[in-house]
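Now for the letters of each chain:
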Amino acid sequence: MTVTLHVCITCRAGQTLAEGEATPGARLHGAILDAGVPEGVTVVPVECLSACNQGCSVALSATGRWSYVYGRLSDANARDVIAGATAYAAAPDGIVPWRSRPEIFRKQSLARIPPIAVVPEAAE
């Protein structure tokens, strides 16, 4: 199953940027792509995860799994984000055992969202 790693590319992480300078969020997105995205993980740039006071943020989601939002990240965390996404992809319900999570995923979680239930009437 494919999981989605959403990366906020508009995040400024509280910085004032020069004209044409890449945002910290865009730099994080680029660093994640440069680090090599594993099979089963799709990286999707998004324009806001509404975690603006928490620095750069990412979210992990997949159908039928818990979703997570992580913050206070930078491009220096790209490899840890990939490791966390890989562990998430391997967890059938999206819940990665605490000790198996990269430290940034243990300490910088902003939200955990339950799986969205499919309502049969809505599917018709």
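Residue indices follow the written sequence of each chain, beginning from 1 at its first position. In keeping with the model being predicted, local features are shown solely for residues with a pLDDT of at least 70 and side-chain atom pairs are shown and tallied solely at 80 or more, while totals for entire chains, interfaces and linings include all residues. Side-chain numbers here rest on the full set of heavy atoms in the structure, without hydrogens or water.

Under an unreviewed UniProt entry, the protein chain has the name Metal-binding protein and belongs to Bradyrhizobium centrolobii.

1. Some points on the environment of Ala51
Helix and strand assignments follow DSSP, with helices taken as H or I runs no shorter than four residues and strands as E runs no shorter than two, numbered in order from the N terminus. With respect to the secondary-structure elements, Ala51 resides in the loop between strand E2 (41-46) and strand E3 (56-61). Residues Ala51 and Cys11 lie 40 residues apart in sequence; the distance between their C-alpha atoms is 8.6 Å. Residue contacts follow a heavy-atom distance rule, with two residues in contact if any of their heavy atoms lie within 4.5 Å. Apart from residues no more than four positions distant in its own chain, Ala51 is found in contact with Ser57 and Leu110.

2. Describing the packing of aromatic side chains
Within 6.5 Å between ring centres, the rings of Phe, Tyr and Trp (the latter by its six-membered ring) count as paired, and their orientation is classed by plane angle as stacked under 30 degrees, edge-to-face over 60, tilted in between. For the structure shown, the criterion picks out three aromatic pairs. Summarising the aromatic geometry, the rings of Tyr68 and Tyr70 are spaced 5.9 Å apart at their centres and angled 10° between planes, so their arrangement reads as stacked. Each member of the pair, Tyr68 as well as Tyr70, carries the same accessibility label: buried. With centroids separated by 6.2 Å and ring planes inclined at 90°, the aromatic side chains of Tyr68 and Tyr88 adopt a geometry described as edge-to-face. For every residue, the accessible area (1.4 Å probe, protein chains only) is compared with the maximum for its type, and the residue is labelled buried under 20%, exposed over 50%, or partly exposed between those bounds.

3. Some details on the sheet that holds strand E5 (residues 109-113)
What makes two strands pair is DSSP finding at least two bridges between them. Across the sheet, which stays open at both edges, the five strands sit in the order E2-E1-E3-E4-E5 with mixed pairing between neighbours. Among the strands making up the open sheet, the edge pair consists of E2 and E5. With direction set aside, neighbouring strand axes in the sheet form an average angle of 15°. For strand E1 (residues 3-8) and E2, the ladder comprises six bridges, and the chain directions are parallel. In the sheet register, Leu5 faces E2, and the bridge partner there is Val43. The strands that helix H2 (residues 78-90) touches are E1, E2, E3 and strand E4 (67-73); relative to E3, the one it contacts most, it runs at about 15°. The axes used here are C-alpha line fits, helices contributing only the stretch in contact, and every angle between their N-to-C directions lies in the interval 0 to 180 degrees.

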